[in-house]
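# Working through the structure, step by step
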Amino acid sequence: MWVRSDRIADVPKTWNELLQSATKFGFPGRESGLFGTFFELVVGVGGRLFDEFDQPCIESPEATRSIELLCRLARRLPDDMHTWHYDDVDDALLGGQVDAAGAWPGASRRIARSPLAKILTPHQYPSGSKRHVSYAGCHAWAIPKTCADVSGAHELLTRLLSIETQSIDAAGGTICSHLGALAKVEPANDIDRRRLEITASTIASSMITYPPLPYFPEIEEAGWREINKAICGVQSPAQTASNIQTRANRIVGKQSS
């Protein structure tokens, strides 16, 4: 989480502290960024979106409270925040519309080159009442069975995963998949060193991801659209959680029929 030190003296450490403060916290208002933030909030307070059998169990008090928290934070932000994607959140942070925001590691170069570089400081992402959580995924490559040039595809993947190519990715501020390339990254300054320390700690202890379900993208799509409606004031948090559960059940039922 990047925080404007000229505006925020006491940085909130938890979502509840963030809510009780006057901090304008920027977050995505749509797509995976919004549903991922919701996922973090639910798990952070001890809830879950899928049971031990990977079946949706989204309608819960934890989910309702998490949606309410998002709605309350959204009311502090510009009216168009329900349209924000990742880059829009970065724009809002660097444009002074928000006091703090979570940012993907790849945004660090842009932040470092901005006029606010000296007053934006990295801090650990807010924690839930039960645990600290960061919703994460990864890029992946594969060679499909229909590939017409397997040797060429293998050569490409080998090149993409080489320390040389991965070092280019790491130099841009992202967290690459090649540990050797990542280890070679030298912090640009104390702020960058702290950013890397926080990111490494988060990877080691706080990452969660979605269940390996082929229909998860459909549930995520349905989920963020319902939460977006709540942010826009169209429906209550409780109704939103119920709607997500209903739509998820239909998706699962369609897949099993």
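Let me begin by describing the structure that accompanies this report. Per chain, residues are indexed from 1 in the order of the written sequence. At least 70 in pLDDT is required for a residue's local features to be given in this predicted model, at least 80 for side-chain atom pairs to be given and counted, and no such filter applies to totals for whole chains, interfaces and linings, which use all residues. Hydrogens and waters are ignored; side-chain quantities use all the structure's heavy atoms.

### Some details on the sheet that holds strand E1 (residues 2-4)
As a reminder, the rule being used: Here the rule is simple: two strands pair whenever DSSP picks up at least two bridges between them. The secondary structure listing takes helices from DSSP runs of H or I that are at least 4 residues long and strands from runs of E that are at least 2 residues long, numbered from the N terminus.
Pairing is mixed across the open sheet formed by four strands, whose spatial order is E2-E3-E1-E4. Every interior strand has two partners, whereas the edge strands, strand E2 (25-26) and strand E4 (120-122), have only one. Relative to strand E3 (residues 100-101), E1 runs antiparallel, the two sharing two bridges. Following the sheet pairing, Val-3 is matched in E3 by Ala-100.

### Re the packing of aromatic side chains
The geometry of two aromatic rings is summed up by the distance between their centres and the angle between their planes. Short version of the rule: Any two rings among Phe, Tyr and Trp, with Trp reduced to its six-membered ring, count as a pair given centres within 6.5 Å; such a pair is stacked if its planes are under 30 degrees apart, edge-to-face if over 60, and tilted if neither. Residue burial is assigned from relative accessible area. The probe radius is 1.4 Å, only protein chains are included, and a residue is buried under 20% of its type maximum, exposed over 50%, and partly exposed in between.
Using the criterion set out here, one finds 12 aromatic pairs in the structure. Look at Tyr-210 and Phe-216: their rings are 4.8 Å apart centre to centre, the planes differ by 10 degrees, and that puts the pair in the stacked class. By relative accessible area, Tyr-210 is classed as partly exposed at 38%. Taking relative accessible area as the criterion, Phe-216 reaches 3% and is therefore assigned buried. Put simply, the rings of Phe-35, Phe-38, Phe-39, Phe-50, Tyr-135, Tyr-210 and Phe-216 pair up and form one aromatic cluster.

### Points about the nonpolar core
Just so we agree on the cut-off: Here, the term nonpolar core denotes a set of buried Ala, Val, Leu, Ile, Met, Phe, Trp, Tyr and Cys residues that are joined through side-chain atoms within 4.5 Å. Should any heavy atoms of two residues lie within 4.5 Å, those residues are considered in contact.
Counting 58 residues, the largest nonpolar core has Phe-27, Phe-38 and Phe-39 as the members making the most contacts within it. Among the elements of the structure, E1, helix H1 (15-20), helix H2 (31-44), helix H3 (61-74), helix H4 (86-94), E3, helix H10 (216-231) and helix H11 (237-256) are those that each provide at least two residues to this core. Sequence-distant contacts of Phe-27, that is, excluding residues within four places in its chain, are made with Leu-34, Leu-70, Leu-73, Ala-74, Leu-77, Met-81, Trp-84, Val-89 and Ile-231.

### A word on the pattern of salt bridges
Defined as follows: What makes a salt bridge here is a side-chain nitrogen of Lys or Arg within 4 Å of a carboxyl oxygen of Asp or Glu, nothing more.
Counting across every chain of the model gives 10 salt bridges. The closest approach of N and O atoms between Arg-110 and Asp-91, which form a salt bridge, is 2.5 Å. Separated by 19 residues along the polypeptide, Arg-110 in helix H5 (residues 108-112) and Asp-91 in helix H4 bring together distant segments of the chain. A salt bridge links Glu-197 to Arg-194, with the nearest nitrogen and oxygen atoms 3.6 Å apart. Of this pair, Glu-197 and Arg-194 both sit in helix H9 (residues 190-205), separated by three residues, roughly a single helical turn. Owing to a relative accessible area of 42%, Glu-197 belongs among the partly exposed residues under this scheme. Residue classification places Arg-194 among the partly exposed residues on the basis of a relative accessible area of 41%.

### Some details on the side chain of Arg-4
Along the chain, the position of Arg-4 falls in strand E1. On the basis of relative accessible area, Arg-4 is assigned to the buried category, the value being 9%. The residues contacting Arg-4, other than those within four sequence positions of it, are Gly-96, Val-98, Asp-99, Leu-116, Ile-119 and Leu-120.

### Notes on unusual backbone geometry
The backbone phi angle of Glu-31 is positive, close to 55 degrees, even though this residue is not glycine. The residue Glu-31 is located in helix H2 in this model. For Asp-54, which is not a glycine, the phi torsion comes out positive at approximately 60 degrees. With respect to the element layout, Asp-54 can be found in the loop between H2 and H3.

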